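# Chains, contacts and geometry: an overview
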Amino acid sequence: MLNQFFTYEFLQNTFYTGLLIGLIGPLLGTFVVVRRLSLIADALSHVTLGGIAFGLFMEKKYGLFFLTPFYTGMGFSVIGSVFIERLRSVYKAYQELAIPIILSGGVGLSVIFISLANGFNTDLYNYLFGSVSAVSRNDLWSIVIITIIVLTVLFSFYKELFMLSFDEEHAVVSGIHAKRIHFLFIVLTALVISASIRIVGVLLVSALMTLPVAASIRIARGFKQTILFSVIFGEISVIIGLITGYYFEIPPGGTIVMTSIFILILTIFGKKVWNYFTRRTVIK
Amino acid sequence: MTSPIVRMQHVSYAYESKHALHDINLEIPTGAFLGLVGPNGGGKTTLIKLLLGLLKPQKGSIELFGERIEHFKNWNKIGFVSQKANSFNRGFPATVKEVVSTGLTPNIGYFRFFTKQHKQKVEYAVDLVGMKDYLNTNIGSLSGGQQQRIFIARSLVSNPALLILDEPTVGIDTENVQKFYDLLHQLNEENNISLLLVSHDIGTMTKHANGIACLNKELHFHGDTHSFANLSENQLSNFYGHPLQVVTHQHE
């Protein structure tokens, strides 16, 4: 494995990308989960698929080198995030309605562009379920830049984002620019999703943002610890998932998600056992 | 004489065509413990929103700490505990320390970070409401009354001179309501924080507050608790616009 890792550039690209998305996915995911926006990640990933299909179509028809599926996917994802925000303010009483609208819109676009590009091919299969060999050096650099952006913004606006997530009304009363910060946040989410798609795939990208957090929330004390555990769980899932995916020639999306589900079950079970024993000692 | 904390003169406010407040004149002196009572839809929440600068009066003027509200900048002098404060997401993974820290977030400002002094302020505020032992506990695992204390600490952490509480005892059991008012008295008398307490519970108000303002679109009564308690039931019912039965408590 190590030998191959040093021989093949694509394995290095994949591994480094995996480590980066294992960091920013669960990191941003913690905010996504506590703000009850988990489904937005799903909607955005389907819009990203629409963008990817558009990119594949353009590549095939016109061979425009700068319009790679990675960038068109990212573009669609960011535009989709803006639409979700617009729709949420249009349907104030039915804010969750924005999600099925955007999600089905994304799938609709995907179907159209996929058929225009003459149907399914292996590339698309990789986008759906992830791949260990799909990350180019250029993609890796883009993902490095996305990671730096995400970390910088989250670090700068941590306390405002936390306040907004915990109690939006209080934040607004206190003069926090809720709308602008929320907008920034949703754009970041779109960026993280488009960065993660090559490895975990469209259908499972939201899992990387939510499952480690779901496990972490069971056992962490406080918000910072929740973030820390989420990132640790995310990284473990990515590393184990990539290695097993590579060995068994399975798309890594499947193995990464199954690893995080396994961690989730372990924490739920572990917490029960822990409670059982601590309660016993209290009675003594 | 220092200027009063709040001075409202001839303030009116209407939502579209519906009058919410009409010609309100209200002064809150330093050190007050004022209970704001009145029927639902009587404009209590509107009045608070005006005081917090969330709404602008369509007529009249408001002064806060002797300064016209349009020019007022020291918003950290006013703490606010919302009615909705205890309807937050109970599964939210945040410690007491983290929640109380959010009270400082607007003061610190963008692109600045918490310092040691801020942390001390947080610990002091939590200590003030008697929750020192729970600094690192998740907020969701506290009882309703304890959570309410934490939300008060969140408002206290920026060191306000006036604390506005909107229906703070909704959803808290009787025993804890007593403890809660003990805390308010302590803040009012020992820490010199003026209080404006909104409630529909006239009985408890007359027991604890030292002034009452009765609001139903107009300010029907504003005076000390003693003279409010001496109002006849008829007069009260007139304020409310419907018959009313009240058990008032005289101060000992």
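For the structure itself, consult the block above.
Heads up: these notes are all about the structure in this document.

Rules used throughout
- Residues numbered from 1 in each chain as written.
- Chains lettered and ligands numbered in written order.
- Predicted model: local features only at pLDDT ≥ 70, side-chain atom pairs only at ≥ 80, totals over all residues.
- Heavy atoms only, no water.
- Helix = DSSP H or I, 4+ residues; strand = E, 2+ residues; numbered from the N terminus.
- Rg over C-alpha atoms; globule rule 2.2 N^0.38 Å.
- Buried < 20%, exposed > 50% of the residue type's maximum accessible area, 1.4 Å probe, protein only.
- Contact = heavy atoms within 4.5 Å.
- Areas by Shrake-Rupley, 256 points an atom, 1.4 Å probe, with all protein chains shown as cover.
- Lys, Arg positive; Asp, Glu negative; His and termini not counted.
- Charge placed at Lys NZ, Arg CZ, Asp CG, Glu CD.
- Buried area = accessible area lost by both parts, 1.4 Å probe.
- Salt bridge = Lys/Arg side-chain N within 4 Å of Asp/Glu carboxyl O.
- Polar contact = N/O pair within 3.5 Å; in protein donor to acceptor, adjacent residues only side chain to side chain.
- Core = buried A, V, L, I, M, F, W, Y, C linked by side-chain atoms within 4.5 Å.
- Pairing = 2+ DSSP bridges.
- Axes fitted to C-alpha atoms, helices over the stretch in contact; angles between N-to-C directions.
- Expected span 1.5 Å × (residues − 1).
- Patch = residues over 30% accessible without salt bridge, like charges linked within 9 Å, V, L, I, M, F, W, Y side chains within 5 Å.
- Phe/Tyr/Trp six-rings, centres within 6.5 Å; stacked < 30°, edge-to-face > 60°.
- Parallel < 35°, antiparallel > 145°, perpendicular 65-115°, else oblique.
- Left-handed = near helix turned anticlockwise from the far one by under 90°.
- Nonpolar A, V, L, I, M, F, W, Y, C, P; charged D, E, K, R; others polar.

## So, the overall build of chain A
Secondary structure summary: chain A contains 13 helices and zero strands in total. Here chain A has a C-alpha radius of gyration of 20 Å; the compact-globule value for 284 residues is 19 Å, and the two agree. Every one of the 284 residues in chain A was classed for burial, and the buried ones make up 53%. Sequence separation of at least 24 residues holds for 77% of the intrachain contacts in chain A that already meet a minimum separation of 6. On chain A, roughly 13500 Å² of surface is accessible, and the fraction owed to carbon and sulfur atoms is 70%. Side chains of chain A carry 20 positive and 13 negative charges; the gap between the two charge centres is 10 Å.

## Digging into the interface of chain A and chain B
Chain A puts 27 residues into the contact, and the matching count from chain B is 29 residues. Where chain A abuts chain B, roughly 2400 Å² becomes buried across the two surfaces, and 67% of that area is made up of carbon and sulfur atoms. The largest per-residue losses of area from chain A upon contact with chain B belong to K159, F166 and V173 of chain A, which jointly make up 29% of the total buried on that side. The interface formed by chain A and chain B contains one salt bridge. Among the salt bridges present, the one from R154 of chain B reaches D167 of chain A, with a minimum N-O distance of 3.1 Å. Across the contact surface, chain A and chain B share 10 residue pairs in polar contact (both at pLDDT 80 or more). Looking at the side of chain A that touches chain B, the elements with two or more residues in it are helix 7 (137–156), helix 8 (158–166), helix 9 (168–173) and helix 12 (223–248) of chain A. At seven residues, the largest contribution of residues to the side of chain A that touches chain B is made by helix 8 of chain A.

## Some thoughts on the nonpolar core
By size, the foremost hydrophobic cluster in this structure holds 126 residues, and its most contacted members are I152 and L184 of chain B. For this core, the element with the most residues is helix 10 (residues 178–200) of chain A, which contributes 14 residues. Beyond its immediate sequence surroundings of up to four residues, I152 of chain B is in contact with V81, V129, L163, L165, F180, L183, L184 and L187 of chain B. Residues M8, L26, I28 and L64 of chain B belong to the second largest nonpolar core, which totals 32 residues.

## Section: the sheet that holds strand 10 (residues 218–224) of chain B
Residues and elements named next belong to chain B. Strand order in this open sheet of six strands is 6-7-8-3-9-10, and the pairing throughout is mixed. The open sheet is flanked by strand 6 (78–81) and strand 10, the only strands paired with a single partner. Averaged over neighbouring strand pairs, the angle between their axes works out to 15° when direction is ignored. Two strands pair when backbone bridges link them, and strand 9 (residues 211–216) and strand 10 are joined in this way by six bridges, in the antiparallel orientation. Each residue of the ladder has a partner; that of I212, found in strand 10, is G223. Lying on the sheet, helix 5 (residues 144–156) is in contact with strand 6 and strand 7 (162–166); it crosses strand 6 at an angle near 160°. Contacting strand 3 (33–37), strand 7 and strand 8 (194–198), helix 6 (residues 174–189) crosses the sheet at an angle of about 150° to strand 8.

## Some remarks on the sheet that holds strand 5 (residues 67–68) of chain B
All names here are of chain B. The four strands lie next to each other as 2-1-4-5, forming an open sheet whose pairing is antiparallel. Of all the strands in the sheet, the pair left with one neighbour each is strand 2 (18–28) and strand 5. Examined bridge by bridge, strand 1 (residues 6–15) and strand 4 (residues 59–64) share five bridges and lie antiparallel to one another. If you follow Q9 over to strand 4, its bridge partner there is S61. Sheet strands in contact with helix 1 (residues 44–51) are strand 1, strand 2 and strand 4, and its direction is about 120° off that of strand 1.

## Looking at helix 2 (residues 9–34) of chain A
Here helix 2 of chain A contains 26 residues, and its C-alpha end-to-end distance of 38 Å stays within 8% of the 38 Å for a straight helix at 1.5 Å per residue. Positioned one or two residues after helix 2 of chain A, R36 of chain A has a phi angle of 60°, which is positive.

## Considerations on a nonpolar patch on the surface
On the surface, V90, Y91, Y94, L97 and I101 of chain A cluster together into a nonpolar patch covering about 470 Å² of accessible area. Summarising the element assignment, Y94 of chain A is placed in the loop between helix 4 (69–90) and helix 5 (98–116).

## Here's the deal with the packing of aromatic side chains
Evaluation of the coordinates by the stated rule reveals 26 aromatic pairs over all chains. A ring pair is formed by F223 of chain A and F92 of chain B, whose centres lie 5.7 Å apart and whose planes are at 20°; its orientation type is stacked. Of the two residues, F223 of chain A is situated in helix 12 and F92 of chain B in the loop between strand 6 and helix 2 (96–101); the pairing between them involves two chains. For the pair formed by F223 of chain A and F92 of chain B, the shared burial category is buried.

## Section: the packing of helix 3 (residues 38–62) of chain A against helix 11 (residues 205–219) of chain A
Packed helix pairs are characterised by how far apart their axes lie and by the angle those axes make with each other. All names here are of chain A. Relative orientation of the contacting elements helix 3 and helix 11 amounts to 165°, with a least axis distance of 8 Å. Viewed along their axes, helix 3 and helix 11 adopt a mutual orientation that is roughly antiparallel. In this structure, the crossing between helix 3 and helix 11 has a hand that is right-handed. Contacts from S38, A41, D42 and S45 in helix 3 reach V205, S206, M209 and T210 in helix 11. Within the contact of helix 3 with helix 11, the residues separate by chemical class into three nonpolar, four polar and one charged.

## A few points about the packing of helix 7 of chain A against helix 8 of chain A
Residues and elements named next belong to chain A. Look at helix 7 against helix 8: their axes get within 4 Å of each other, and the N-to-C directions meet at 70°. Here helix 7 lies roughly perpendicular to helix 8, going by the angle between them. Along the contact surface, helix 7 presents L154, F155 and S156, while helix 8 presents Y158, E160 and L161. Of the residues assigned to the contact of helix 7 with helix 8, the class counts are four nonpolar, one polar and one charged.

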